[in-house]
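Notes for the structure review
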Amino acid sequence: TSLKAFKELNETGNSSNQQERILNKMELGTNYSLQEIKSIVNIDINAVSGRVNTLKKKGKLKEAPKRKCSITDRLITPVYKAIV
């Protein structure tokens, strides 16, 4: 079922739209946890995770040094917008 949902996302273009929304909301020079991205983009966390992984593979997002998430207070590896 998740594979079917993934294929549907890609066929409808929602995956690309979500990637664009994430990149458009992220400020250069700021790093974000997945929860922080979720809060500014208003996309479910599982979708944020998938889009962020895709954007990292494309080189559009990079990992920053570990820090505590401002929302969960857990140690995370944040991401930041790469200058391409």
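See above for the structure.
In this report, we go over the structure that sits alongside the text.

Reading guide: rules and limits
- Residues numbered from 1 in each chain as written.
- Predicted model: local features only at pLDDT ≥ 70, side-chain atom pairs only at ≥ 80, totals over all residues.
- Heavy atoms only, no water.
- Helix = DSSP H or I, 4+ residues; strand = E, 2+ residues; numbered from the N terminus.
- Polar contact = N/O pair within 3.5 Å; in protein donor to acceptor, adjacent residues only side chain to side chain.
- Core = buried A, V, L, I, M, F, W, Y, C linked by side-chain atoms within 4.5 Å.
- Buried < 20%, exposed > 50% of the residue type's maximum accessible area, 1.4 Å probe, protein only.
- Contact = heavy atoms within 4.5 Å.
- Salt bridge = Lys/Arg side-chain N within 4 Å of Asp/Glu carboxyl O.
- Pairing = 2+ DSSP bridges.
- Axes fitted to C-alpha atoms, helices over the stretch in contact; angles between N-to-C directions.
- Arc of directions from axis to C-beta.

The subject of this paragraph is the side chain of arginine 51. Position of arginine 51 relative to the elements: it lies in helix α4 (residues 45-57). A polar side-chain atom of arginine 51 sits 2.7 Å from a polar atom in the side chain of glutamine 18.

Further remarks concern the nonpolar core. The biggest cluster of nonpolar side chains holds 13 residues, and the ones touching the most others in it are Ile22, Met26, Ile37, Ile43, Val52, Leu61 and Val79. At 4 residues, α4 tops the list of elements feeding residues into this core. In this view, isoleucine 22 contacts Ile37, Val41, Ile43, Arg51 and Leu55; residues no more than four positions away in its chain are not counted.

Here we take up the pattern of salt bridges. On inspection of all chains with the given rule, the structure shows 2 salt bridges. For the salt bridge of glutamate 36 with arginine 67, the shortest nitrogen-to-oxygen distance reads 2.6 Å. Taken as a pair, glutamate 36 in helix α3 (residues 34-41) and arginine 67 in strand β3 (residues 67-68) lie far apart in primary sequence, 31 residues in all. The class for arginine 67 is partly exposed, based on a relative accessible area of 22%. The shortest N-O distance in the salt bridge between glutamate 63 and lysine 56 comes to 2.9 Å.

On the basis of which strands lie adjacent, the open sheet formed by 3 strands has the order β1-β5-β2 and antiparallel pairing. The sheet is open, and its two edges are formed by β1 (31-32) and β2 (61-63), each paired on a single side. Here 3 bridges tie β2 to strand β5 (residues 79-81), and the two strands are oriented antiparallel to one another. From the neighbouring strand, leucine 61 faces β5, where its bridge partner is lysine 81. Most of the contacts of α4 go to β2, to which it runs at about 95°, and overall it touches β2 and β5.

On to α3, then. Considered for burial, the residues of α3 that qualify are Glu36, Ile37 and Val41. Mapping the buried residues of α3 onto a view down its axis gives an arc of 115°, with all of them on the same face. A positive phi of about 60° marks asparagine 42, the residue just after α3.

This brings us to the environment of serine 39. Along the chain, serine 39 turns up in helix α3. Distance in space between the C-alpha atoms of serine 39 and isoleucine 71 is 9.1 Å, their sequence separation being 32 residues. A polar atom in the side chain of serine 39 sits 2.8 Å from the backbone oxygen of glutamate 36.

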